[in-house]
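Here is how the chains run, residue by residue.
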Amino acid sequence: MENEMMIEFDSRSCNEGFARVAVAAFITQLNPTLEEVADVKTAVSEAVTNAIIHGYEGAVHKVQIQCRIEDRKVWIEVIDHGKGIENIKQAMEPLYTTKPEQDRSGMGFAFMEAFMEGLRVESQVGKGTRVIMWKTMGESD
């Protein structure tokens, strides 16, 4: 089975919950466990929060989420057209943050890696960032 969906919403922190629920609702067709749903929701939350706080630095623009299901695997892309990441490798290091004054823990990418099967980050300074995550559902069956 293959299926896709795309949503776009304003980069407001109140939309982070909407994004989590929308992706969770989309993956229900794979009959995921509660743990798998929680993992995906956490990863989506982290990616969307990064786009809002770091990509747009509080300015209101658009965040896109594209989801694709292939067999039992879900691919999730969270895309912003914000400031981009200068050093992706450094940004992905646990505890690294560019916003310590906002009590940012620097664990966003670490959480995404922990809760998903795979993570890839593509970014261009001044053009934005694309976070690509994937997870196979029902692997423990």
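The rules we used
- Residues numbered from 1 in each chain as written.
- Predicted model: local features only at pLDDT ≥ 70, side-chain atom pairs only at ≥ 80, totals over all residues.
- Heavy atoms only, no water.
- Helix = DSSP H or I, 4+ residues; strand = E, 2+ residues; numbered from the N terminus.
- Buried < 20%, exposed > 50% of the residue type's maximum accessible area, 1.4 Å probe, protein only.
- Areas by Shrake-Rupley, 256 points an atom, 1.4 Å probe, with all protein chains shown as cover.
- Axes fitted to C-alpha atoms, helices over the stretch in contact; angles between N-to-C directions.
- Left-handed = near helix turned anticlockwise from the far one by under 90°.
- Contact = heavy atoms within 4.5 Å.
- Nonpolar A, V, L, I, M, F, W, Y, C, P; charged D, E, K, R; others polar.
- Expected span 1.5 Å × (residues − 1).
- Pairing = 2+ DSSP bridges.
- Polar contact = N/O pair within 3.5 Å; in protein donor to acceptor, adjacent residues only side chain to side chain.
- Phe/Tyr/Trp six-rings, centres within 6.5 Å; stacked < 30°, edge-to-face > 60°.

### A word on the overall build of the chain
Phase 1: Within the chain one finds 4 helices and 5 strands.
Phase 2: In the chain, buried positions account for 48% of the 141 residues.
Phase 3: With the model as given, the accessible surface of the chain reaches about 7600 Å², and the carbon-plus-sulfur share is 48%.

### Here's the deal with the packing of helix H1 (residues 16–27) against helix H2 (residues 34–55)
Phase 1: The interhelical angle for the contact between H1 and H2, taken along N-to-C directions, is 140°, at an axis separation of 9 Å. Relative to H2, the crossing made by H1 is right-handed. Across the interface between the two elements, Glu 16, Ala 19, Arg 20, Val 23, Ala 24 and Ile 27 of H1 pack against Val 37, Val 40, Lys 41, Thr 42, Val 44, Ser 45, Val 48 and Thr 49 of H2.
Phase 2: Looking at the contact of H1 with H2, its residues break down into 8 nonpolar, 3 polar and 3 charged.

### Remarks on H1
Phase 1: Taking 1.5 Å of rise per residue, the 12 residues of H1 would be expected to cover 16 Å, and the 17 Å separating its terminal C-alpha atoms lies within 8% of that figure.
Phase 2: Every buried residue belonging to H1 is among Glu 16, Ala 19, Ala 22, Val 23, Ala 24, Phe 26 and Ile 27, and all of these are buried.
Phase 3: Considering only its buried residues, H1 is in contact with strand E1 (2–10), H2, strand E2 (62–70) and strand E3 (73–80).

### Concerning the pairing of E2
Phase 1: Here E1 pairs with E2 via 9 bridges, running antiparallel. From the neighbouring strand, Glu 2 faces E2, where its bridge partner is Glu 70.
Phase 2: Here E2 folds back onto E3, and the loop between the two strands holds 2 residues, one of which, Asp 71, carries a positive phi near 55°.

### Notes on the sheet that holds E2
Strand pairs in the sheet, formed through backbone hydrogen bonds, run parallel or antiparallel to each other.
Phase 1: Across the sheet, which stays open at both edges, the 5 strands sit in the order E1-E2-E3-E5-E4 with antiparallel pairing between neighbours. Pairing within the sheet leaves two strands with one partner each, and these edge strands are E1 and strand E4 (118–124). Taking each pair of neighbouring strands and ignoring which way they run, the sheet shows an average axis angle of 10°.
Phase 2: Inspection of the sheet shows E4 paired to strand E5 (residues 128–136) by 7 bridges, in the antiparallel sense. By the bridge assignment, Leu 119 is partnered in E5 with Met 133.
Phase 3: Sheet contacts for H1: E1, E2 and E3; angle to E1, the most-contacted strand, approximately 170°.
Phase 4: Against the sheet, H2 touches E1, E2, E3 and E5, its axis set at about 175° to E5.

### Remarks on the side chain of Glu 46
Phase 1: Summarising the element assignment, Glu 46 is placed in helix H2.
Phase 2: When near neighbours in sequence (up to four residues on either side) are disregarded, Glu 46 contacts Gly 108, Phe 111 and Met 112.

### A look at the environment of Lys 62
Phase 1: Following the sequence through the fold, Lys 62 ends up in strand E2.
Phase 2: Look at Lys 62 and you get partly exposed, because its relative accessible area is 39%.
Phase 3: Other than its neighbours up to four places away in sequence, Lys 62 contacts Glu 8, Phe 9, Asp 10, Tyr 56, Ile 79 and Asp 80.
Phase 4: A distance of 2.6 Å separates a polar atom in the side chain of Lys 62 from a polar atom in the side chain of Asp 10.

### Focus on the packing of aromatic side chains
Phase 1: Inspection of every chain in the model, using the stated rule, returns 3 aromatic pairs.
Phase 2: Seen from their ring centres, Trp 75 and Trp 134 are 5.1 Å apart, and the 35° between their planes marks the pair as tilted. Note that Trp 75 is positioned in strand E3 and Trp 134 in strand E5, a separation of 59 residues in sequence.

None of this, on its own, says anything about what the molecule does.
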